[in-house]
Amino acid sequence: MGRIVVTEFLSLDGVFESPGPVGDFEHAGWTFRFNRGADGDRFKFDEHMAAEAQLLGRVTYEGFAAAWPSVTDDVGFADRMNSMPKYVVSATLEKAEWNNSTVIGIDDVARVRESHPGILLVAGSGALVRGLLERGLVDEVRLMVFPVVLGSGQRLFDGAPLTRFTLASSQPVGPDGVLVLTYLPA
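Just so you know, these numbers come straight off a predicted model, no measurement behind them. (Residues numbered from 1 in each chain as written. Predicted model: local features only at pLDDT ≥ 70, side-chain atom pairs only at ≥ 80, totals over all residues. Heavy atoms only, no water.)

Participant: Would you mind going over the overall build of the protein with me for this structure?
Facilitator: Scanning the protein from terminus to terminus reveals five helices and eight strands. A globule of 186 residues ought to have a C-alpha radius of gyration of about 16 Å, and the protein, at 16 Å, matches this closely. When its C-alpha atoms are laid out on the principal axes, the protein stretches across 40 × 40 × 30 Å. Of the accessible surface of the protein, which amounts to about 9,300 Å², a share of 53% is contributed by carbon and sulfur atoms. (Helix = DSSP H or I, 4+ residues; strand = E, 2+ residues; numbered from the N terminus. Rg over C-alpha atoms; globule rule 2.2 N^0.38 Å. Areas by Shrake-Rupley, 256 points an atom, 1.4 Å probe, with all protein chains shown as cover.)

Put into structure tokens, the structure is as follows:
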């Protein structure tokens with residue numbers, strides 16, 4: 001059985017919206033103002049390379065699918081991103097065009113989790129994360145917390161059910177006070 005790992009960029013006030021430069025959010029690209037250092041870059045690289053597949057909500061999928069197919073790099077991150085299985089959890093998307101992508105419903109996630117022996121990585125996808133928490137399907141949460149209060153924006157856990165976690169690890173990365181916090185269900 002696979003493990004569902006939620007990985008997110010988060011501000012101190014819980015905002016996860018538009019950490020990259022794309023989007024209409026007034027603070028889009030807010031993570032780019034910080035140096036997460038070689039340790040932070042290595043963490044994200046290793047995390048992605050260790051994943052068996054991705055679970056993505058429709059909005060995150062559409063953003064990734066618009067960007068990643070044309071990306072190349074020397075370390076294999078883009079190749080991995082483009083080739084790995086991707087499950088788009090959506091009630092509205094009918095077809096997923098990006099390589100190796102399949103549209104499923106939220107009630108199909110448990111079956112997908114059973115069919116993959118490794119990590120199913122969830123990035124962004126706030127509504128999906130909340131749906132997974134409601135169903136008790138989150139096996140780990142990894143938060144890269146940036147030392148900024150944005151004051152507005154979508155908050156990852158707004159509307160999520162009460163769910164307890166225990167801190168498994170914490171690691172500062174880079175010179176700007178970015179932390180990687182890893183939590184397991186309590």
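Right, picking up where we left off after that structure.
Participant: Is there a simple way to think about the pairing of strand E7 (residues 165-173) in this case?
Facilitator: A regular strand places its side chains on the two faces of the sheet in alternate fashion. Here eight bridges tie E7 to strand E8 (residues 178-185), and the two strands are oriented antiparallel to one another. Note that in E8 the partner of Pro172 across the bridge is Leu179. The loop that links E7 with its antiparallel partner E8 comprises four residues; one of these, Gly174, has a positive phi angle of about 70°. (Pairing = 2+ DSSP bridges.)

Participant: Please clarify how the sheet that holds strand E5 (residues 119-123) should be interpreted in this entry.
Facilitator: To summarise the sheet geometry, strands pair through backbone hydrogen bonds and adopt either a parallel or an antiparallel arrangement. As summarised here, the arrangement of the eight strands in space is E4-E3-E2-E5-E1-E6-E8-E7, forming an open sheet in which the pairing is mixed. Both outer strands of the open sheet, strand E4 (101-104) and E7, are each paired with one neighbouring strand and no more. With direction set aside, neighbouring strand axes in the sheet form an average angle of 25°. In this structure, strand E1 (residues 3-11) lies alongside strand E6 (residues 140-146), joined through seven bridges in parallel fashion. Its bridge partner lying in E6, Val5 is registered against Glu140. The sheet strands contacting helix H1 (residues 37-50) are E1, strand E2 (51-57), E5, E6, E7 and E8, and the helix crosses E2 at an angle near 95°. (Axes fitted to C-alpha atoms, helices over the stretch in contact; angles between N-to-C directions. Contact = heavy atoms within 4.5 Å.)

Participant: Would you mind showing me how to read the packing of aromatic side chains here?
Facilitator: How two aromatic rings sit relative to each other is given by the distance of their centres and the angle of their planes. The final tally for this structure, using the stated rule, is six aromatic pairs. Seen in terms of ring centroids, Trp30 and Phe146 are 5.6 Å apart; in terms of plane orientation they differ by 85°. Their pairing is edge-to-face. Of the two residues, Trp30 is situated in the loop between E1 and H1 and Phe146 in strand E6; the sequence distance between them amounts to 116 residues. Across the pair, Phe146 and Trp30 agree in class, each one buried. Look at Phe45 and Phe77: their rings are 6.3 Å apart centre to centre, the planes differ by 35°, and that puts the pair in the tilted class. Of this pair, Phe45 sits in helix H1 while Phe77 sits in helix H3 (residues 77-83), and the two are 32 residues apart along the sequence. (Phe/Tyr/Trp six-rings, centres within 6.5 Å; stacked < 30°, edge-to-face > 60°. Buried < 20%, exposed > 50% of the residue type's maximum accessible area, 1.4 Å probe, protein only.)

Participant: Would you mind going over the environment of Ala91 with me for this structure?
Facilitator: Within the element layout of this structure, Ala91 appears in the loop between strand E3 (86-89) and E4. Ala91 gets classed as exposed once you look at its relative accessible area, which sits at 84%. Residues Ala91 and Gly20, spaced 71 residues apart in sequence, show a C-alpha to C-alpha distance of 25 Å.

Participant: Quick question: what am I supposed to make of H1 here?
Facilitator: For an α-helix, the turn length of 3.6 residues means that residues three or four places apart are oriented alike. When the terminal C-alpha atoms of H1 are compared, their 20 Å separation across 14 residues agrees well with the 20 Å that a helix rising 1.5 Å per residue should span. Every buried residue of H1 is listed here: Gly37, Gly40, Phe43, Lys44, Glu47 and His48. End-on, the buried residues of H1 take up no more than an arc of 120°, which puts them together on one face. In H1, those exposed residues whose orientation departs by more than 90 degrees from the buried face are Ala38 and Ala50. (Expected span 1.5 Å × (residues − 1). Arc of directions from axis to C-beta.)

Participant: What is the right way to read the nonpolar core from this model?
Facilitator: Ranked by internal contacts, the top residues of the largest apolar core, which has 24 residues, are Ile4, Leu55, Ile104, Val109, Val122 and Leu132. Contributions of two or more residues to this core are made by E1, E2, E3, helix H4 (109-115), E5, helix H5 (126-134) and E6. Ranked by residue count, the leading element in this core is H5, at four residues. Setting aside its immediate chain neighbours within four residues, Leu132 contacts Ile4, Ile106, Val109, Val122, Leu137 and Val138. (Core = buried A, V, L, I, M, F, W, Y, C linked by side-chain atoms within 4.5 Å.)

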